[in-house]
Amino acid sequence: MSQKIFENVAILGLGLIGSSLAHGLRDKGLASRVVGYDASEDVRARAEKLAFCDEIAATPEDSVKDADLVVLSMPVGATGEAAKSIAGALKPGVIVTDVGGVKSAVITKVEAALPEEIAFVPGHPIAGTEHSGPEAGFGSLFEGRWAILTPSDRTTDAALQKISDLWHALGSDVETMTPEHHDLVLATTSHLPHLIAFNIVGTAADMEEVTRSEVIKFSAGGFRDFTRIAASDPVMWRDIFLNNKEAVLEMLGRFSEDLAAVQRMIRWEDGDALQDLFTRTRAIRRGIIEAGQETEAPDFGRRAAQSEKGGAKSES
Ligand SMILES: NC(=O)c1ccc[n+]([C@@H]2O[C@H](COP(=O)([O-])OP(=O)(O)OC[C@H]3O[C@@H](n4cnc5c(N)ncnc54)[C@H](O)[C@@H]3O)[C@@H](O)[C@H]2O)c1
Ligand SMILES: O=C(O)C(=O)C[C@]1(C(=O)O)C=C[C@@H](O)C=C1
C-alpha cells in the first residue's frame, strides 16, 4: 500500500481510463473516497454494479462537491462541456486534471470554463488498450508507462507536484512538456499509427467487398495487429483527430512523402534502400524492448486474446 495522496476524488467519465484510475486508487490506497460520474445512464448503472467507486453520483455537480481532486476522463470533445457543468460546484483548493490524448485544445476549452482560481493540471497517461467502457479497466494499466503533464497558466507548482506524485504512485514515470510539443509528438507516435490502422483495415474490408472474396479471413500476425488498434473507440478517436487537426495533418504530410519514397524504391527495385530502411526500423523496435518500454507480447495483447476466446466482454 502506498500513502494516501487525496481525500476525496471525483472521476468524470468511467470508461477504460476512468475505471482504471478508480481501480488503481483503490488497489494502492491513494484516496479515502472515490466518487464516479458518467454522462451515460447505462455506464453509471454498470459502474455501480462493478463497484470500483465508493459512490456513483447522479449529476456531475454532485460528483465534485466534496472533491479535492477532479479527474476529467471523457473523450476530448466533451471535456469543455464537462468542465462547464462542474464549474459552479467545485470546492476552493480543488485540483482539476484530465487524461485526454490531446492537450492544447483541451486546455483552451477547460480554462475557458473553470473559474480562474481553480488549479488545472493537464495530463495524459500513455497507457491504454483497444477496449473501452467500465468493464475494461484494471488498476495496473499505468504501471511502467509514461504519464505526460503539460502545465499551463493555471497550473500551480503545488498542484503539479501532487499530480506528479499521483502518477508515480500509480506506477508511471512522469515527464513534463509543453502542450504543443505533446500534441506534435503524440500525433506521430499515437494518432498517425491509429489513422493508418483505421485506414488499412477499411481498405481490406473494401477489397473484400469489391473482389467478393475472403481477405480478412486469411490475415495473420501483421494485419491482426492493425485490427487490434483499429478496434479502438470511434468517439474517442473522432475527437482526437478533430482536436489535434494541425499536428496530425503536418505529420500525415511527412508520412505521405516518406511513403512516396518507399513507392519509388519498389518501382526502381532499389533493394539496398528498402533493406536500409527496414534495418533501421528493426533496430528501433529492438531498442524499445531493450529499454524495457515494451515486451514481445504485451499484457494487454494477452488480455485481448483471452477475451476473444470467450472471456469477459470488455467493450462498451
Ligand atoms: N483508450 C486509451 O487508450 C486512452 C489512453 C490514454 C488516454 N485516453 C484518453 O482518456 C479519455 C477517456 O478515454 P477512454 O478510453 O476511457 O474512453 P471510453 O470510451 O472507455 O470512456 C469514456 C466515457 O466518458 C463518458 N462521457 C462522455 N462525455 C461525458 C461527460 N460530459 N461527462 C462524463 N462522462 C462522459 C462516456 O459515456 C464513456 O463512458 C479520452 O480523452 C482519451 O483521449 C485514452
Ligand atoms: O495501447 C494501445 O492500444 C493504445 O492505443 C494506447 C495509446 C497509444 O496510442 O499508445 C492510445 C491512446 C492514448 O491517448 C495513449 C495510448
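These lines cover the structure that appears in this document, whether it is placed above or below. Computed from a predicted structure; not experimentally measured.

Read across the open sheet, the six strands follow the order E3-E2-E1-E4-E5-E6; overall the sheet is parallel. With one partner strand each, in any of the chains shown, strand E3 (55–56) and strand E6 (119–121) form the two edges of the open sheet. On top of the sheet, helix H4 (residues 79–86) reaches strand E1 (6–12) and strand E4 (69–72); it is set at about 150 degrees to E4, its chief contact.

This paragraph deals with helix H10 (residues 245–267). With 23 residues, H10 ought to run about 33 Å at 1.5 Å a step, and its terminal C-alpha atoms sit 32 Å apart, in line with that. For H10, every residue scored as buried is listed here: Ala 247, Val 248, Met 251 and Met 265. One or two positions beyond H10, positive phi appears at Glu 269, with a value near 50 degrees.

Take the site of ligand 2 next. Contacts to ligand 2 come from 13 residues, most closely from His 124, Gly 128, Ser 190, His 194 and Arg 228. In this structure, an oxygen atom belonging to ligand 2 sits 3.1 Å away from a main-chain N or O atom of Gly 128. A distance of 3.1 Å separates an oxygen atom of ligand 2 from a polar side-chain atom of Arg 228. Considering ligand 2 on its own, with 370 Å² of exposed area, one finds that the protein chains cover 82% of that surface. In terms of residue class, the shell around ligand 2 is made up of five nonpolar, six polar and two charged.

Taken in spatial order, the three strands make up an open sheet running E7-E8-E9, and their pairing is mixed. The sheet terminates laterally at strand E7 (123–126) and strand E9 (173–176), the two strands that pair on one side only. The mean angle between the axes of side-by-side strands here comes to 20 degrees, regardless of whether they run parallel or antiparallel. Pairing between strand E8 (residues 146–149) and E9: four bridges, direction parallel. The partner of Trp 146 across the bridge, within E9, is Asp 173.

Burial along strand E5 (residues 95–98) is two-sided: the residues Ile 95 and Thr 97 and Val 96 and Asp 98 are all buried. With four bridges connecting them, E4 and E5 associate as parallel partners. If you follow Val 70 over to E5, its bridge partner there is Val 96. Viewed along the sheet, the connection from E4 through H4 into E5 turns out right-handed. Two elements, E5 and E6, share three bridges in a ladder whose sense is parallel. Each bridged residue has a counterpart across the sheet, and for Ile 95 the counterpart in E6 is Ala 119. One crossover worth recording links E5 to the parallel E6 by way of helix H5 (residues 104–113), and it is right-handed.

Parameters at a glance
Residues numbered from 1 in each chain as written. Chains lettered and ligands numbered in written order. Predicted model: local features only at pLDDT ≥ 70, side-chain atom pairs only at ≥ 80, totals over all residues. Heavy atoms only, no water. Pairing = 2+ DSSP bridges. Helix = DSSP H or I, 4+ residues; strand = E, 2+ residues; numbered from the N terminus. Contact = heavy atoms within 4.5 Å. Axes fitted to C-alpha atoms, helices over the stretch in contact; angles between N-to-C directions. Expected span 1.5 Å × (residues − 1). Buried < 20%, exposed > 50% of the residue type's maximum accessible area, 1.4 Å probe, protein only. Near = heavy atom within 4 Å. Polar contact = N/O pair within 3.5 Å; in protein donor to acceptor, adjacent residues only side chain to side chain. Areas by Shrake-Rupley, 256 points an atom, 1.4 Å probe, with all protein chains shown as cover. Nonpolar A, V, L, I, M, F, W, Y, C, P; charged D, E, K, R; others polar. Right-handed = clockwise from strand over helix to strand, strands pointing away.

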